[in-house]
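Here are the chains, one letter per residue:
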Amino acid sequence: MRKRLIYLDHAASTPMDPAVIEEMASCMEEHFGNPSSVHEAGRRARVLLEQARRKVAAMLHVAPSELFFCSGGTEANNAVLWGCARDLGYKHFITAAIEHPAVLQPLNRMAADQEIQLHLVDIDKLGRVSADHLARLLEQHKPAVVSLMHANNETANLLPVKMVADLCKRQGALFHSDTVQTVGKYHMNMQQLGMDFAVASAHKFHGPKGTGFMIVRNGHFFQPFVQGGGQERNMRAGTENVCAIAGLAKALEVAHERMEEDQRHIGALKEACIRLLKEQITGVRFNGDVEGSSLHTILNISLPAGIDPEMLLPRLDMAGICVSSGSACASGAHRGSHVLTAMGVDTQLPSLRISFSRYNTLSEVRQLVDVLSGIAR
Ligand code: PLP
């Protein structure tokens, strides 16, 4: 029999909701056609695809024509950033050292190739972006594209997106936000929030892996980042993954239906985890703006010195507990987190990212803290 896991790594990926699996299974049986084919089978797939697009667009308050499906957050971030540089002709890009590699790597690459100039906005010890420095950078470098994530995937810090969008608008800049960790966690009105571009990934909100979308507002148009077909109204070539997209739409619908209940439950788990850690582990530290503006699903901690960082995850794994150290998007290897390093956190101390979902219980949180306090002793 398989060991029962305590899964607390939902910022890395989430289990699919049963309603999503059901939706996808029925799609696989009935909607196998290529949505670009003109015959009946193709038309049925197209109907499903466009229904999914309309549903998702309505939940996020954008027009269906502003939503483009693709393989997920990494591709969507790349497509937006390369598109802004190569097709919209922007030369100045402003971002922060705490962004996800799906933003930092394409920007660093374009800067190294002298296609763009990259400007990093200051962050403080809690990992908060300096609004004053951002305003100064926007004043100095015009016109610019600002790329700042909504919630940091390691520290949970929330960016005041509306304030940043207003600032960008005043300075004639475009605003892209990596919203991978927040779509499905909040009711988001993308029109009111005022971003030009936003991206999402289904597997972060109990949908399938390998599918997501980019939102491209205000009539902007790029050459497709992935080329070779006219799909997604010429913005992303390749046959759409119809059943995964139907699953994405279902997952977002379920997330929206139970949003308040999930926010309450998950928020209470995070609070309990903080309280138990403080009670049971002397010297535990919380990284990020935990007392301020913080996403309810993620908690980042540093444990006291004396624990071998290399051994922490394997020991938790042996106890059946799945968490990550820093950001574990690409591999399980212990690498000092670039986010914590940029914040000036002591990365010699073992750090953990604990991330919750609606499937977690208080008993699981208690077991995690018990195991951690045993290791700390
Ligand atoms: N952006 C953020 C903030 C993320 O947390 C992740 C994944 O961890 C990604 C982008 C990449 O998304 P995907 O796994 O869909 O490529």
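Every chain begins its residue count from 1, and numbering advances along the sequence as written. Local features in this predicted model are restricted to residues whose pLDDT is 70 or higher, and side-chain atom pairs enter the listing and the counts only when it is 80 or higher, whereas totals over whole chains, interfaces and linings include all residues. As a rule here, side-chain values come from all non-hydrogen atoms in the structure, and water together with hydrogens is ignored.

S.K.: Requested: an account of the pattern of salt bridges, with residues and values cited.
M.R.: When a carboxyl oxygen of Asp or Glu lies within 4 Å of a side-chain nitrogen of Lys or Arg, that pair is called a salt bridge. Using the criterion set out here, one finds 20 salt bridges in the structure. A salt bridge links Arg43 to Glu40; the nearest nitrogen and oxygen atoms lie 2.9 Å apart. With Arg43 and Glu40 both in helix α2 (residues 40–60), this residue pair falls three residues apart, about one helical turn. Under the scheme applied here, a residue whose accessible area is under 20% of the maximum for its type counts as buried, over 50% as exposed, and between as partly exposed, the area being computed with a 1.4 Å probe on protein chains only. The class of Arg43 is partly exposed, set by a relative accessible area of 43%. Two residues, Glu50 and Arg46, come together in a salt bridge whose shortest N-O distance is 2.8 Å. Of this pair, Glu50 and Arg46 both sit in helix α2, four residues apart, which is roughly one turn of the helix. Each of Asp17, Arg258, Glu261, Asp262 and Arg358 takes part in salt bridges that share partners, so that together they form one network. A helix here means a DSSP run of H or I that spans at least four residues, while a strand means a run of E at least two residues long, and both kinds are numbered starting from the N terminus.

S.K.: Would you mind going over the domain arrangement of the protein chain in detail, with residue names and values included?
M.R.: Start and end positions for the domains come from either an automated domain assignment or a database one. Here the domain parsing of the protein chain yields domain 1 (6–15 + 258–376) and domain 2 (18–257). Measuring from the centre of the C-alpha atoms in domain 1 to the corresponding centre in domain 2 gives 26 Å. Residue contacts are counted whenever heavy atoms from the two residues lie within 4.5 Å of one another. Contact residues are listed per partner, giving 34 residues for domain 1 and 37 residues for domain 2. Carbon and sulfur atoms supply 52% of the area that domain 1 and domain 2 bury against each other, a total of about 2,900 Å² over both sides. Summed over both partners, the accessible area (1.4 Å probe) lost when two parts come together is defined as the buried area. In terms of surface lost to domain 2, no three residues of domain 1 exceed Met259, Leu295 and Met343, which account for 21% of the buried area on that side. Our enumeration of links across domain 1 and domain 2 arrives at zero salt bridges. As used in this structure description, the phrase polar contact means that two N or O atoms lie within 3.5 Å; if the pair is within protein, one of them must be able to donate a hydrogen and the other to accept it, and residues adjacent in sequence are counted only when both atoms belong to side chains. Seen at the junction of domain 1 and domain 2, the total is 22 residue pairs in polar contact (both at pLDDT 80 or more). Among the elements of the structure, α10 (259–280), β10 (298–302) and α12 (338–343) are those that each provide at least two residues to the side of domain 1 that touches domain 2. Examining the composition of the side of domain 1 that touches domain 2, we find that five residues originate from one element, α12, more than from any other.

S.K.: Describe the state of the cysteines, with residues and values.
M.R.: When the sulfur atoms of two cysteines come within 2.5 Å, that pair is taken as a disulfide. Applying the stated criterion across every chain yields a total of one disulfide. Paired through a disulfide, Cys27 and Cys243 show a sulfur-sulfur distance of 2.3 Å. Given an S-S torsion of about -80 degrees, the disulfide between Cys27 and Cys243 has left-handed geometry. With Cys27 in helix α1 (residues 18–30) and Cys243 in helix α9 (residues 242–257), this residue pair connects regions lying 216 residues apart in the sequence. Owing to a relative accessible area of 2%, Cys27 belongs among the buried residues under this scheme. Of all cysteine sulfurs, the one in Cys84 lies closest to Cys70, which takes part in no disulfide; the gap is 14 Å.

S.K.: A description of the sheet that holds strand β9 (residues 285–287) should follow, citing residues and the corresponding values.
M.R.: At least two DSSP bridges between two strands are required for those strands to pair. One open sheet accounts for three strands, arranged β9-β10-β12; its pairing is antiparallel. Taken across any chain shown, the strands that pair with only one partner, and hence form the sheet edges, are β9 and β12 (351–355). Averaged over all pairs of adjacent strands, the angle between strand axes in this sheet comes to 35 degrees, irrespective of strand direction. Alignment of β9 against β10, held across three bridges, turns out to be antiparallel. Axes here refer to lines fitted to C-alpha atoms; in helices the fit is confined to the stretch in contact. Angles between the N-to-C directions go from 0 to 180 degrees.

S.K.: Pulling in residues and values, what's your account of the side chain of His203?
M.R.: With respect to the element layout, His203 can be found in the loop between β7 (197–201) and β8 (212–216). Here His203 falls in the buried class, since its relative accessible area comes to 15%. Looking at His203, its side chain comes within polar contact range of the side chain of Ser13, at 2.7 Å. Filtering out sequence-adjacent residues up to four positions away, His203 remains in contact with Ala12, Ser13, Thr14, Pro208 and Lys209.

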